[in-house]
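Okay, here's what each chain looks like letter by letter:
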Amino acid sequence: MKIIRYLDANQQVKYAVLRPDGGAVEIEGNIFGRWELTDRPAQVVKLLAPVAPPTIYCIGLNYRQHAAESNLPIPEFPVVFMKAPTAIQNPEDPIWLPRHLRSDQVDYEAELAVVIGKKGKNIPRYQALQYVLGYTCANDVSARDWQTRWGGTQWCRGKTFDTFCPLGPCLVTPDEIPDPNNLAIRLDINGQVLQEANTNDMIFDVARLIEFLSGSTTLLPGTVILTGTPQGVGFARRPPRWLQPGDRCNITIQHIGTLSNPVAEEPLS
């Protein structure tokens, strides 16, 4: 099942399920609780990010080949950082290159995102996937200069500017993705493929990440987990490939679809 979140003609936020013919029918109820599918056609005026998360956990260095291109050792435990919920961006809306706190080294990172469907704590690995509501595409946009030089040794400043977490285009339920660790993942900019890999290169798989993040920590419904990016990021290229105004980032993950966002300069007015 593919679930979308959208604005209708009355500017109301609603959820719907995509049909094979390209249409959608409304959901009634709470997707994190009790809900049912109606027969009412969804009047989609604007597609939104599939969820508005309370928390966004992100995993660094979680692909073996990405760790190699970064010249960093394989981590013993998942490398965790966070983004603010205000970093979320909708499909087709722009990634803003920061201009107030200026960055000229904004990078792209294609990632599989996991959405937690129910509250959980100390979740054992063998039960972890039972807590997943669905999967979507994400772009862990990163200002490398703020991440490495000006961030005071912490990554969050360079990772959590507005628009630095595009999500979408839909949320795909686990019945359509029984194994999240065997999905083709690709990113292109303006048609040029820069990242192409498979989630089977992850160091810590999805179940292990949920087990680790829920350790002594409550995961709330709607929590988003960005599971890391494969090789091919901009800073590792020679010369580096930074995002520029006028670019278009397209992230495609098998069984999910394509998340597309233009790139523009942050408006200062």
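Residues numbered from 1 in each chain as written. Predicted model: local features only at pLDDT ≥ 70, side-chain atom pairs only at ≥ 80, totals over all residues. Heavy atoms only, no water.

I tried to follow the packing of aromatic side chains on my own but got confused; where do I start?
For any pair of aromatic rings, the description consists of the separation of the ring centres together with the inter-plane angle of the planes. Inspection of every chain in the model, using the stated rule, returns 5 aromatic pairs. Ring centres 6.5 Å apart and planes at 70° place the aromatic pair W146 and F161 in the edge-to-face group. Taken together, the residues W146 in helix 2 (residues 144-148) and F161 in the loop between helix 3 (156-159) and strand 14 (165-172) connect sequence positions 15 residues apart. For F161, a relative accessible area of 9% translates into the label buried. Put simply, the rings of W146, W150, F161 and F164 touch in pairs and so form one group of aromatic residues. Between the NZ or CZ atom of K118 and the centre of the ring of Y131, over which it lies, the distance is 4.7 Å. (Phe/Tyr/Trp six-rings, centres within 6.5 Å; stacked < 30°, edge-to-face > 60°. Helix = DSSP H or I, 4+ residues; strand = E, 2+ residues; numbered from the N terminus. Buried < 20%, exposed > 50% of the residue type's maximum accessible area, 1.4 Å probe, protein only. Lys NZ or Arg CZ within 6 Å of the ring centre and 35° of its normal.)

Honestly, the pairing of strand 4 (residues 35-41) in this entry has me stumped. Any pointers?
On a regular strand, one side chain projects to one face of the sheet and the next to the other, so that they alternate. When strand 3 (residues 24-29) meets strand 4, the two strands line up antiparallel, connected through 4 bridges. Each residue of the ladder has a partner; that of I27, found in strand 4, is L37. Linking strand 3 back to strand 4 in an antiparallel pair, the connection comprises 5 residues. (Pairing = 2+ DSSP bridges.)

I'm lost on the sheet that holds strand 9 (residues 95-97) in this one. Help?
Sheets are built from strands paired through backbone hydrogen bonds, the pairs being either parallel or antiparallel. The strand order across the open sheet formed by 5 strands is 9-19-18-15-16, and the pairing between neighbours is mixed. The sheet terminates laterally at strand 9 and strand 16 (192-198), the two strands that pair on one side only. Averaged over neighbouring strand pairs, the angle between their axes works out to 20° when direction is ignored. Relative to strand 18 (residues 248-253), strand 15 (residues 184-189) is paired through 5 bridges, and the arrangement is antiparallel. Bridged to D188 within strand 18 is N250. (Axes fitted to C-alpha atoms, helices over the stretch in contact; angles between N-to-C directions.)

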